[in-house]
Amino acid sequence: MSEQTAEITAPDLAGTGSHLEHLSMQQALNRALAESLEENAKTLIFGEDVGQLGGVFRITDGLQQRFGADRVFDTPLAESGILGMSVGLAMAGFHPIPEVQFDGFAYPAVNQIVCQIGRMNYRSRGTLPMPITLRVPSFGGIRAPEHHGESLESLFAHVPGLKVVSPADPHQAYHLLKHAIRRPDPVIFMEPKARYWQKGPVDTADGGTLEGARVARPGRHVTLIAWGAMVARCLQVAELAAEDGIDVEVLDLRWLKPIDTAALAASVTRTRRAVVVHEAPRTSGLGAEIAALVTEECFNVLKAPVERVTGFDVPYPSGDLEDEYVPNIDRILFGIQRVLEHRRG
Amino acid sequence: MNSTPTPPQEELTKLYELLVRVRQLDIAAVRWQRQGIIPGYAPLLGQEAAQVGSGYAVDTARDFVFPTYREMGVARAMNVDMVQYMATHKATWHGGLYDPAATHLAPIQAVVAGSVLHAVGWAHGQTLAQHEPVHGAGTGVALTYFGDGASSQGDVHEAMNFAAVMKAPVVFFVQNNGWAISVPTAAQVAGGAVAARAAGYGMPSLAVDGNDVVSVLAATRQAIGHCRAGNGPMLIEATTYRLGPHSTSDDPGRYRSLADEQAARSLDPVQRCADLLRTAYGTGDDYFESVFADAEAEAERVREGLESLAPRPGADMFRYVFQETTPALQHQETTWREESEHV
Ligand SMILES: Cc1ncc(C[n+]2csc(CCOP(=O)(O)OP(=O)(O)O)c2C)c(N)n1
Ligand SMILES: [Mg+2]
């Protein structure tokens, strides 16, 4: 069901012909990494188990064999070490593409990410740029052990000097990763691990515009704002709502920092109603920032307060309770209903 | 440590029975994962002696143990309920359902090196409490487990330094099982020995054959005694081998050969203990058969317990965030009930 919906609503790339491929997100990311290593001899991939094993999700599969252990290597098991070393390598002119094995294991590296990576460019008055792309398999949905299902976007978005992006499908993953790696600033690249194995069309020749948000599905009555794995779920919701005559627009935010305020404003100005959907806990989640931006931009046209359908203010639960925590179709539909039924008092 | 005296028959049989129970439960758990009874598991196959020998040395009345995610054998040796322990692998509750305060086994820890510093804090607490003698003779000792991979984490180095400087009664128990997922110890620890690092922190260490349950027990008793007497921390490095995959989602064929695994199999810790029983006490086949049957029966009881273990109610998500909940959380719980039709 989920794959089907995603494919139906994926950008219509047929006809452009020769560069269209059907890839999983894992394959698309692997391809993007290989091409980035080819393109720039200064790029390096390192982290835990990324070499011989190809990463626990196989995103770096075959890269060490192909590019050698100087370019793609396993580090000792220490995330602070991985990110701290990235700073020094960047100072030495390299373009590190470190991997943190799972979202929850970025926490041991927060000191280096926040206090060093986020501000070295500033501290050095632009003379020591940090072209680091930190790949983090992110978000939940795979019934994994503790710390393997977390959503850290608002934590990273809050830090000055970091950019944050998350792809929703294989095509986005392929192009956004290559784009992020080419940037001269640090980018936290949040991969929706629950979507690694779903296939979709990838046009390797044409990524379209890679800055800002994108309309994943146009609609007239309400805008669903999402990123990562929640985009596919919102597209499912849109299909269901259409049966009831509700025309849902799905805005794939893509960049969580900087947020594409113009795209938010353009969409909500048309639909006049907005629901933000994210897996992260509600309080101080990115939904709060988006609600504030939409309110600032669209106050006069809004028909209802911006709704937030989010995870709860609880630690990400064990597999048995995962479906109770992650926004599901019902909860998103309730959110849509609330903004549609809202009447100004 | 080959000179370790053979324990009395009663103790050696206890150790052996634990080894077999842990072995059979571990093998069964991998099977349950394949059968869809549990979503995942981290096998300890090959590490039974390191875990049983050390866990057996613990005084569960006054010591406290800090496990990783692979210490089922330690938990079993401490008589923790195995259904409540395995509940973590059934995705029922991350930390397991056993009571850490009552069992003196800290919740299952998924963060590599996550609880090593906790052991230091707990141990220093024992030192402070000793200043008003409440524990009788000798202090409670913290026993903290971690792997060769975990030894790379900064927190482990901080823990060793704190413990040594504060003379905290901590036993750092390293299971060097050769691998951190796909990364061999040689690529993790230059020189290959974590034990060698202890000296730099000013603490003694013991290197022990981790596949010999007798040596592991003796070393752990020695280290606990050292700590209990107020001499500060001690490190044990038990050399063993992770015979199975890192977890049920791992594929070791991508990074090590079958020949490696076959070579390691010759050190089988369960077989070694059986051999010792035969040579030292003339133990016969009847005994081994009945121990095996009992172990199989125990594994079967755990399976039944796990299969009848219902998911925790969703309300548990909200219930344990705080001791004193907040209005926002209560409001979220109400909304969750309404929208999920769990009223
Ligand atoms: C902080 C942190 N980083 C990464 C991981 C992912 N991970 C889980 S186990 C493991 C390897 C641990 O190796 P070791 O410490 O030798 O213990 P073993 O698994 O061999 O028992 C890794 C990288 C984690 N759980 N925690
Ligand atoms: Mg190990």
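Residues numbered from 1 in each chain as written. Chains lettered and ligands numbered in written order. Predicted model: local features only at pLDDT ≥ 70, side-chain atom pairs only at ≥ 80, totals over all residues. Heavy atoms only, no water.

Let's talk about the overall build of chain A
Stage number 1. Scanning chain A from N- to C-terminus turns up 13 helices and 14 strands.
Stage number 2. Against the compact-globule benchmark of 20 Å for 345 residues, chain A has a radius of gyration of 20 Å, which places it among compact chains.
Stage number 3. Counting only C-alpha atoms, chain A reaches 60 × 45 × 40 Å along its principal axes.
Stage number 4. Contacts in chain A between residues far apart in sequence, at least 24 positions, make up 82% of those at least 6 positions apart.
Stage number 5. Positive and negative charge centroids in chain A, built from 33 and 43 side chains respectively, lie 6 Å apart. (Helix = DSSP H or I, 4+ residues; strand = E, 2+ residues; numbered from the N terminus. Rg over C-alpha atoms; globule rule 2.2 N^0.38 Å. Contact = heavy atoms within 4.5 Å. Lys, Arg positive; Asp, Glu negative; His and termini not counted. Charge placed at Lys NZ, Arg CZ, Asp CG, Glu CD.)

Here we look at the coordination of the magnesium ion (ligand 2)
Residues and elements named next belong to chain B.
Stage number 1. Here the magnesium ion (ligand 2) is held by Asp-148 (OD), Asn-177 (OD1) and Trp-179 (O), and the distances to it run 2.1 to 2.3 Å.
Stage number 2. On the primary sequence, the residues serving as donors to the magnesium ion (ligand 2) are separated as D-x28-N-x1-W. Neither residue differs from the other here; Asn-177 and Trp-179 are each classed as buried. (Donors = N, O, S within 2.8 Å, 3.2 Å for Na, K, Ca; no water. Buried < 20%, exposed > 50% of the residue type's maximum accessible area, 1.4 Å probe, protein only.)

With respect to the domain arrangement of chain B
Stage number 1. The domain boundaries assigned to chain B delineate domain 1 (9-312) and domain 2 (314-343).
Stage number 2. Between domain 1 of chain B and domain 2 of chain B, the C-alpha centre-to-centre distance is 36 Å. (Domains from an automatic or database assignment.)

As for the site of ligand 1
Stage number 1. Around ligand 1, the structure places 20 residues, and the nearest of them are Glu-79 of chain A together with Tyr-69, Arg-70, Ala-150 and Asn-177 of chain B.
Stage number 2. Proximal residues around ligand 1 fall on chains A and B, making this an inter-chain site.
Stage number 3. Interatomic distance of 2.5 Å between a side-chain N/O atom of Glu-79 of chain A and a nitrogen atom of ligand 1.
Stage number 4. A distance of 2.8 Å is found between an oxygen atom of ligand 1 and a backbone nitrogen or oxygen belonging to Gly-149 of chain B.
Stage number 5. Contact with the protein chains covers 96% of the free accessible surface of ligand 1, which is 580 Å². (Near = heavy atom within 4 Å. Polar contact = N/O pair within 3.5 Å; in protein donor to acceptor, adjacent residues only side chain to side chain. Areas by Shrake-Rupley, 256 points an atom, 1.4 Å probe, with all protein chains shown as cover.)

Focus on the side chain of Arg-21 of chain B
Residues and elements named next belong to chain B.
Stage number 1. Note that Arg-21 resides in helix H1 (residues 9-35).
Stage number 2. A relative accessible area of 19% places Arg-21 in the buried class.
Stage number 3. Within the local environment of Arg-21, its side chain forms a polar contact with the side chain of Glu-298, the two groups lying 2.4 Å apart.
Stage number 4. Beyond its immediate sequence surroundings of up to four residues, Arg-21 is in contact with Arg-76, Asp-294, Ala-295, Glu-298 and Arg-301.

Quick word on the sheet that holds strand S3 (residues 170-176) of chain B
Residue and element names in this part refer to chain B.
Stage number 1. With parallel pairing, five strands are arranged side by side in an open sheet as S1-S2-S3-S7-S6. Edge strands, defined here as strands with exactly one partner in the open sheet, are strand S1 (64-66) and strand S6 (205-209). The sheet shows a mean angle of 20° between the axes of neighbouring strands, taken without regard to direction.
Stage number 2. Where strand S2 (residues 142-147) meets S3, six bridges bridge the pair, whose relative direction is parallel. When the sheet's bridge partners are listed, Thr-144 is paired in S3 with Phe-172. (Pairing = 2+ DSSP bridges. Axes fitted to C-alpha atoms, helices over the stretch in contact; angles between N-to-C directions.)

Things to note about the sheet that holds strand S13 (residues 274-281) of chain A
All names here are of chain A.
Stage number 1. Taking strand neighbours across the sheet as the criterion, the five strands line up as S9-S11-S10-S13-S14 in an open arrangement whose pairing is mixed. The sheet is open, and its two borders are formed by strand S9 (214-217) and strand S14 (307-311), each paired with just one other strand. The mean inter-strand angle of the sheet, taken between neighbouring strand axes irrespective of direction, is 25°.
Stage number 2. Taken together, the five bridges between strand S10 (residues 222-226) and strand S11 (residues 248-252) define a ladder with parallel strand orientation.

Remarks on helix H4 (residues 79-91) of chain A
Counting along an α-helix, one turn takes 3.6 residues, and residues three or four places apart therefore face a common direction.
All names here are of chain A.
Stage number 1. Counted at 1.5 Å a residue, the expected span for H4 with its 13 residues is 18 Å, and the 19 Å between its end C-alpha atoms agrees.
Stage number 2. Every buried residue of H4 is accounted for by Glu-79, Ile-82, Leu-83, Ser-86, Val-87, Leu-89 and Ala-90.
Stage number 3. One or two residues past the end of H4 sits Gly-93, with phi positive at roughly 100°. (Expected span 1.5 Å × (residues − 1).)

Here's the deal with the side chain of Gln-26 of chain A
Residues and elements named next belong to chain A.
Stage number 1. Mapping Gln-26 onto the fold places it in helix H2 (residues 25-39).
Stage number 2. For Gln-26, the side chain forms a polar contact with the main-chain oxygen of Arg-58, separated by 2.8 Å.
Stage number 3. With residues near it in sequence (within four places) discarded, Gln-26 still touches Phe-57, Arg-58, Ile-59, Tyr-196 and Trp-197.

Topic: the interface of chain B and chain A
Stage number 1. Each side of the interface is counted separately: chain B has 37 residues, and chain A has 37 residues.
Stage number 2. Taken together, the two surfaces of chain B and chain A that pack against each other cover about 3100 Å², and 56% of this comes from carbon and sulfur.
Stage number 3. When the buried area of chain B at its contact with chain A is split by residue, His-94, Arg-254 and Glu-339 of chain B rank highest and sum to 25% of it.
Stage number 4. Taken together, chain B and chain A are joined by three salt bridges.
Stage number 5. Taking the shortest distance from any N to any O, the salt bridge between Asp-61 of chain A and Arg-254 of chain B comes out at 2.5 Å.
Stage number 6. The interface formed by chain B and chain A includes 16 residue pairs in polar contact (both at pLDDT 80 or more).
Stage number 7. Looking at the side of chain B that touches chain A, the elements with two or more residues in it are helix H13 (315-319) and helix H14 (327-340) of chain B.
Stage number 8. The greatest single-element share of the side of chain B that touches chain A, amounting to five residues, is contributed by H14 of chain B.
Stage number 9. Looking at the side of chain B that touches chain A, its residues break down into 19 nonpolar, twelve polar and six charged. (Buried area = accessible area lost by both parts, 1.4 Å probe. Salt bridge = Lys/Arg side-chain N within 4 Å of Asp/Glu carboxyl O. Nonpolar A, V, L, I, M, F, W, Y, C, P; charged D, E, K, R; others polar.)

As for the domain arrangement of chain A
Residue and element names in this part refer to chain A.
Stage number 1. The domain boundaries assigned to chain A delineate domain 1 (21-203) and domain 2 (214-340).
Stage number 2. Every contact between the two is made by 29 residues of domain 1 and, on the other side, 22 residues of domain 2.
Stage number 3. Around 2000 Å² of area is buried between domain 1 and domain 2 when both sides are counted, 57% of it from carbon and sulfur atoms.
Stage number 4. For domain 1, the biggest contributors to the area lost against domain 2 are Arg-143, Glu-153 and Ala-168; these three give 23% of the whole.
Stage number 5. At the boundary of domain 1 and domain 2, one finds two salt bridges.
Stage number 6. Ionic pairing is found between Asp-169 and Arg-214, a salt bridge with its closest N-O pair at 3.4 Å.
Stage number 7. Inspection of the region where domain 1 meets domain 2 yields 15 residue pairs in polar contact (both at pLDDT 80 or more).
Stage number 8. Where the side of domain 1 that touches domain 2 is concerned, the elements lending two or more residues are helix H7 (153-157), strand S6 (163-165), helix H8 (170-182) and strand S7 (187-192).
Stage number 9. In the side of domain 1 that touches domain 2, the residues fall into 14 nonpolar, nine polar and six charged.

Topic: the pairing of S7 of chain A
Residue and element names in this part refer to chain A.
Stage number 1. Among the six residues of S7, six are classified as buried, and the element is accordingly described as predominantly covered.
Stage number 2. Along S7, one buried face is formed by Val-187, Phe-189 and Glu-191 and the opposite face, lined by Ile-188, Met-190 and Pro-192, is buried too.
Stage number 3. Of the strand pairs in this sheet, strand S5 (residues 133-138) and S7 are connected by six bridges, and their pairing is parallel. Bridge pairing links Thr-133 to Val-187 in S7.
Stage number 4. Bridge analysis of S6 against S7 gives three bridges, and the strand direction is parallel. Note on S7: the bridge partner recorded for Lys-163 is Val-187.
Stage number 5. With H8 bridging S6 and the parallel S7, this β-α-β connection has right-handed handedness. (Right-handed = clockwise from strand over helix to strand, strands pointing away.)

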